[in-house]
Amino acid sequence: MTLSPKNAQQSLIQMTELVLPNDTNTFGNLMGGRLMYWMDIAAALSCMKHCAAPVVTASVDNISFENPIKLGNVVHIEAQVTRAFNTSMEVHMKVWGEDPVQQYRYKSNEAFMTFVALDPNGNSRPVPAVIAETEEEKKLFEGALRRRQLRLILSGRMKPADAAELRALFMEA
Ligand SMILES: CC(C)(COP(=O)(O)OP(=O)(O)OC[C@H]1O[C@@H](n2cnc3c(N)ncnc32)[C@H](O)[C@@H]1OP(=O)(O)O)[C@@H](O)C(=O)NCCC(=O)NCCS
């Protein structure tokens, strides 16, 4: 069965949360684990929107926290699928904090996660391809192949010798 490709934009999820006392560490900032929990949900919703099937988190790439998000501030997470492979999808997230009183936004972090679509028996199932339209979407789509190769090498699922696009990047540098 061939699945019809879908525009990347169709998978956009925008999540908004308020940082409450139970979400914070002893410095009054949002805990990294709570943010990752929200990001995991936003990313899963984006992937489900893309493939119209249940999904599981296969991997989470490196996440760096650039700026702490304060108690009482708002968290905005945007998640969108960058590229689909066979049964897996890469999703990109951007995270901002917002001071709702002073009304300014600040960048917190960006991250990539990979999800796999499952059929009713819990086996991985094919997902539709992604059509990248904007310049940003095209850049993310192109880089997704190299990022996939890196994470498959790190998880022992691919030999470095087979990662042609990733190797080419290092040869260019
Ligand atoms: C992710 C999972 C479904 C992969 O199952 P599997 O039997 O290894 O399946 P396959 O080898 O057929 O791989 C399926 C897809 O997952 C991708 N994949 C597997 N491990 C991956 C990893 N570490 N990083 C990125 N992609 C990965 C494969 O590349 C493949 O993608 P493709 O079909 O697009 O080429 C399985 O390992 C699983 O269920 N993990 C637990 C998921 C979970 O519970 N997550 C919540 C956190 S605990």
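None of these values were measured; they are calculated from a predicted model.

**Quick notes on the overall build of the protein chain**
Move 1: Helix and strand counts for the protein chain come out as 3 helices and 7 strands.
Move 2: Listed N to C, the secondary structure of the protein chain is β-β-α-β-β-β-β-β-α-α in terms of helices and strands.
Move 3: The C-alpha atoms of the protein chain give a radius of gyration of 17 Å, which matches the 16 Å a tight globule of 173 residues would have.
Move 4: Once the C-alpha set of the protein chain is aligned to its principal axes, its extents read approximately 50 × 40 × 30 Å.
Move 5: Counting only residues that meet the buried cut, the protein chain has 28% of its 173 residues in that class.
Move 6: Look at the contacts in the protein chain between residues 6 or more apart in sequence, and 71% of them connect residues 24 or more apart.

**Describing the nonpolar core**
General note: in soluble globular proteins, nonpolar side chains tend to be found buried as a group.
Move 1: If you look at the biggest cluster of nonpolar residues, it comprises 29 residues, and the most contacted ones within it are Met39, Ala43, Cys47, Met89, Val91, Met93 and Phe115.
Move 2: The set of elements that each furnish at least two residues to this core consists of α1 (32–51), β4 (74–84), β5 (88–99) and β6 (104–117).
Move 3: Those residues in contact with Met39 that sit more than four places away from it in its chain are Ile77, Met93, Val95 and Ala111.

**Details of the environment of Arg83**
Move 1: Mapped onto the elements of the fold, Arg83 is located in strand β4.
Move 2: Sequence-wise, Arg83 and Asn25 are 58 residues apart; in three dimensions their C-alpha atoms are separated by 35 Å.
Move 3: Ignoring anything within four residues of it in the chain, the contact list for Arg83 reads Glu90, Val130, Phe141 and Ala144.

**What about the UniProt feature "domain: HotDog ACOT-type" (unreviewed entry) in the protein chain?**
Move 1: Under the local residue numbering, the UniProt record ascribes the feature "domain: HotDog ACOT-type" (unreviewed entry) to residues 9–121.
Move 2: Along residues 9–121 one finds 18% helix and 43% strand; the C-alpha atoms at either end are 29 Å apart.

**Regarding the site of the ligand**
Move 1: Around the ligand sit 15 residues, and of these Ser59, Phe85, Asn86, Thr87 and Ser88 come closest.
Move 2: Contributing elements (two or more residues each) for the shell around the ligand: β3 (55–60), β6 and α2 (135–154).
Move 3: Of the residues forming the shell around the ligand, the biggest block, 4 residues, is contributed by β3.

**A look at unusual backbone geometry**
Move 1: Positive phi, normally seen in glycine, also occurs at Ala52, with a value near 55 degrees.
Move 2: Within the fold, Ala52 resides in the loop between α1 and β3.
Move 3: Overall, Ala52 belongs to the exposed group, with 11 C-beta atoms counted inside 10 Å.
Move 4: With a phi angle near 60 degrees, Gln103 is a residue other than glycine that sits in the positive phi range.
Move 5: With respect to the element layout, Gln103 can be found in the loop between β5 and β6.
Move 6: Note on Gln103: 7 C-beta atoms within 10 Å, which makes it exposed.

Thresholds applied
- Residues numbered from 1 in each chain as written.
- Predicted model: local features only at pLDDT ≥ 70, side-chain atom pairs only at ≥ 80, totals over all residues.
- Helix = DSSP H or I, 4+ residues; strand = E, 2+ residues; numbered from the N terminus.
- Rg over C-alpha atoms; globule rule 2.2 N^0.38 Å.
- Buried ≥ 20, exposed ≤ 12 C-beta atoms within 10 Å, placed from the backbone.
- Contact = placed C-beta atoms within 7 Å.
- Core = buried A, V, L, I, M, F, W, Y, C linked by C-beta atoms within 7 Å.
- UniProt positions renumbered as here; feature names shortened; annotations may be inferred.
- Near = placed C-beta within 6 Å.

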